[in-house]
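Spelled out, the chains give:
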Amino acid sequence: MNSKIKVNILDFNLDDIYPAEILIEDGFISNISKLDFNEPLNYEGILLPGFIDSHIHIESTMLSPANFAKAVLPFGTTSVVADPHEIANVLGVKGIEFMISNGKNVPFDFYFSAPSCVPATNFETNGANIDVETIKELFKLPNVICLGEMMNFPGVINNDLGVNLKLDLANKLSVPIDGHAPLLNGEDLIKYVSKGISTDHECSSFDEAIEKKHLGMKIMVREGSSAKNMDALFNINNRIKYWTSESKFGNISIDDYEKLLKHPIFDFLVSDDKNPIDLKKGHLNQLIKKAINYDIEPIEAIKMVTLNPANHYHLNAGEISVGKKANFTLVNNLKDLDIKLTIVNGKIVAKNGKSLFKVKKPKISNTFNVNLKKPEDFDIKTKKNNYVNVKIIEAFNGELITNSIIDTLKIENNIIQSDTKKDILKISVVERYGHNHVSNGFIKGFGIKKGAIATSISHDSHNIITIGTNSIDMAKAVNKLIQNHGGLTVSYNNTQKSLKLPIAGLMSNENIEIVSTNFENMKNLVQKLGSKLDDPFMTLSFMALLVIPDLKLSDKGLFSLNEFDFVNLIQN
């Protein structure tokens with residue numbers, strides 16, 4: 001099917017905007033002709049390439065791929081490179097096949113990575129194992145285009161055989177390898193990059209990002225719901241210091257220097273994890289506008305979600321040129337960046353803030369194999385008397401990184417007690433894959449004064465994780481979650497509230513309006529219980545992520561990444 005569009009286009013080759021007629025054949029651009037400036041156009045505004053989120057976990061939105069596409073198309077996003085290691089940790093290849101098949105039902109370009117770390121570590125129980133032979137088969141699936149983030153950086157550095165086999169395969173196939181190396185530097189970082197790992201989205205400081213950039217890595221500037229790194233990586237004072245300290249500085253003109261200051265230095269804008277409340281407000285369009293507010297040149301900011309990721313991942317998209325996919329977004333101007341309509345494969349699929357198609361609900365089955373729990377399952381017993389020193393996870397608002405601290409807690413009836421005055425709560429991980437492990441610990445930073453919360457979104461193995469002031473409410477919250485086949489729950493006094501996520505315990509089969517409203521209600525309820533965190537459920541979901549420093553809890557026990565081993569809860 002052929003069509004023509006007469007519109008002002010953004011041309012990256014010229015870094016210019018001009019009127020043109022675009023001929024589209026079978027979803028691809030077959031010809032572009034410049035027009036006179038007085039030629040009547042089909043649309044007012046500027047046509048940009050469709051936006052590409054080059055690193056996102058769709059599962060974090062709590063939406064199926066189809067409902068995710070319906071949610072983001074009105075914001076100009078037409079493609080994602082999604083890492084499905086969340087659902088892969090639950091269902092393995094079947095989970096990845098679900099993501100691919102569900103995404104085919106809507107007009108959107110889904111590209112996927114082959115998860116490299118399933119399980120993420122051997123210190124937890126998950127639902128599947130993806131080895132190098134499985135990854136070899138995954139690369140035969142449609143639109144699996146890269147090796148997913150290599151979170152096991154200790155394995156890379158220490159030449160773990162299984163890790164090396166996966167990296168060698170990706171390098172042999174000449175596919176990009178995504179990285180995940182928070183705070184890694186020096187010789188260890190050099191060794192990590194030498195394995196062909198080409199991106200990183202975990203940079204939390206400008207210096208960290210520059211070191212990785214100088215070693216050849218593409219730097220993803222992450223601005224998600226939980227981790228927000230744009231302020232650190234786009235800070236104007238850091239950019240001034242960087243460009244004035246470069247040896248070539250004395251050889252550039254003032255005009256060139258001013259251009260350099262507006263250059264982002266780094267490569268991509270990504271969301272990584274995005275909750276449904278935030279996603280309902282916007283997607284990459286918001287990140288572009290925020291980058292521009294940091295005095296990044298608008299066209300350069302747009303390239304970070306179009307041309308740059310398309311070139312790195314070898315996508316036939318990302319620019320308005322002959323032979324590329326006819327994926328576009330029409331904006332009013334490059335300052336306000338208001339999205340007027342979105343086009344995929346030459347067809348209008350979203351207009352005036354609404355997607356123009358419906359989504360069918362997928363067929364789903366229960367993925368939980370776990371017994372209902374009793375309050376005593378969450379008790380931490382000891383033979384010590386009166387008081388005991390314990391190692392405690394310290395969580396922070398908007399951060400994935402935690403501290404390890406030691407504090408003194410009271411003992412009653414041989415059970416170590418939480419202490420809401422000190423903001424020290426119980427935390428437990430309930431294994432969901434048939435072994436019925438329960439591990440218990442303590443956490444500081446959530447501020448909850450009564451009740452308990454639980455979620456089956458628990459990176460990366462997605463066992464059930466719960467925190468609470470008492471074991472009774474923790475058991476109630478966990479049991480309600482099990483009965484719902486996954487989701488979020490709150491339990492306090494005789495009240496229970498929940499959000500069901502029956503797709504692998506990670507995603508809903510409802511649209512973003514329903515999911516975001518229910519999620520916001522749940523979040524507000526937890527804040528009424530005393531939490532001061534912006535997103536207590538999102539923060540909780542990372543408290544079992546062992547590959548982020550330092551202290552976390554798996555179903556097998558308390559784990560320190562710094563020591564890369566389990567540590568004792570009770571301290572002498």
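This section reports on the structure supplied with the text. As the structure is a computational prediction, the values presented were derived from the model and not from experiment. Throughout this document, residue positions are counted from 1 along each chain, in the order its sequence is written. Where totals are concerned, whole chains, interfaces and linings use all residues; where local detail is concerned, this predicted model gives features only for residues with pLDDT of at least 70, and gives and counts side-chain atom pairs only at 80 or more. Neither water nor hydrogens contribute to the side-chain values; these are computed over all heavy atoms in the structure.

Right, let's get into unusual backbone geometry. Most peptide bonds take the trans configuration, and most residues that are not glycine carry a negative phi. At the junction of Val118 and Pro119, the peptide bond is cis and its omega measures out at 0 degrees in the coordinates. Relative to the helices and strands, Pro119 resides in the loop between strand S7 (109–114) and helix H4 (132–138). Here Ser174, not a glycine, exhibits a phi torsion of approximately 60 degrees, which is positive. Only DSSP runs of H or I with at least four residues qualify as helices, and only runs of E with at least two residues qualify as strands; both kinds are numbered from the N terminus onward. Within the secondary structure layout, Ser174 lies in the loop between helix H6 (161–173) and strand S9 (177–179). Positive phi, close to 65 degrees, is recorded for Asp272, a residue that is not glycine. Structurally, the position occupied by Asp272 is in the loop between strand S12 (268–270) and helix H12 (276–281).

Taken together, 8 strands build an open sheet; the order of strands is S3-S2-S1-S4-S13-S14-S15-S16 and the sheet is mixed. Each edge of the open sheet is held by one strand with a lone partner, namely strand S3 (28–34) and strand S16 (354–355). Strand pairing is defined by DSSP finding a minimum of two bridges between the two strands. For strand S4 (residues 46–49) and strand S13 (residues 328–331), the ladder comprises 4 bridges, and the chain directions are antiparallel. In the strand pairing of S13, Leu47 is matched with Leu330.

The next point concerns the environment of Asp207. If you trace the backbone, Asp207 turns up in helix H8 (residues 206–214). Throughout this description, buried means an accessible area under 20% of the type-specific maximum (1.4 Å probe, protein chains only), exposed means over 50%, and partly exposed covers the range between. Residue class for Asp207 comes out exposed when judged on its relative accessible area of 61%. For Asp207 and Ile364, which are 157 residues apart along the polypeptide, the C-alpha to C-alpha distance reads 45 Å.

With that settled, consider the packing of H8 against helix H10 (residues 236–245). Angles shown run from 0 to 180 degrees and are taken between the N-to-C directions of axes, each axis being a line fitted to C-alpha atoms and, for helices, limited to the stretch in contact. Put simply, H8 and H10 touch, their axes get as near as 11 Å, and they point 40 degrees apart. For the element pair H8 / H10, the angle class is oblique. The two elements H8 and H10 cross, and the hand of that crossing is right-handed. Note on element contacts: H10 touches H8 through Asn238, Arg239 and Tyr242, opposite Phe206, Ile210 and His214. Here the term charged refers only to Asp, Glu, Lys and Arg, the term nonpolar to Ala, Val, Leu, Ile, Met, Phe, Trp, Tyr, Cys and Pro, and the term polar to all other amino acids, Gly among them. Looking at the contact of H8 with H10 residue by residue, the classes come out as 3 nonpolar, 2 polar and 1 charged. An angle below 35 degrees is read as roughly parallel, one above 145 as roughly antiparallel, one from 65 to 115 as roughly perpendicular, and any other as oblique. Crossings are sorted by hand: turned counterclockwise from the far helix by less than a right angle, the near helix makes the crossing left-handed, and turned clockwise it makes it right-handed. Contacts are residue-level and defined by heavy atoms, with any inter-residue pair within 4.5 Å sufficient.

Where burial is concerned, most of strand S17 (residues 387–394) is hidden: 6 out of the 8 residues are buried. As paired strands, S17 and strand S29 (residues 570–571) are joined by 2 bridges and run antiparallel to one another. Across the sheet, Asn389 pairs through a bridge with Gln571, a residue of S29. Strand direction decides the pairing type here: S17 and strand S21 (residues 438–444), joined by 2 bridges, are parallel. The partner of Glu394 across the bridge, within S21, is Lys444.

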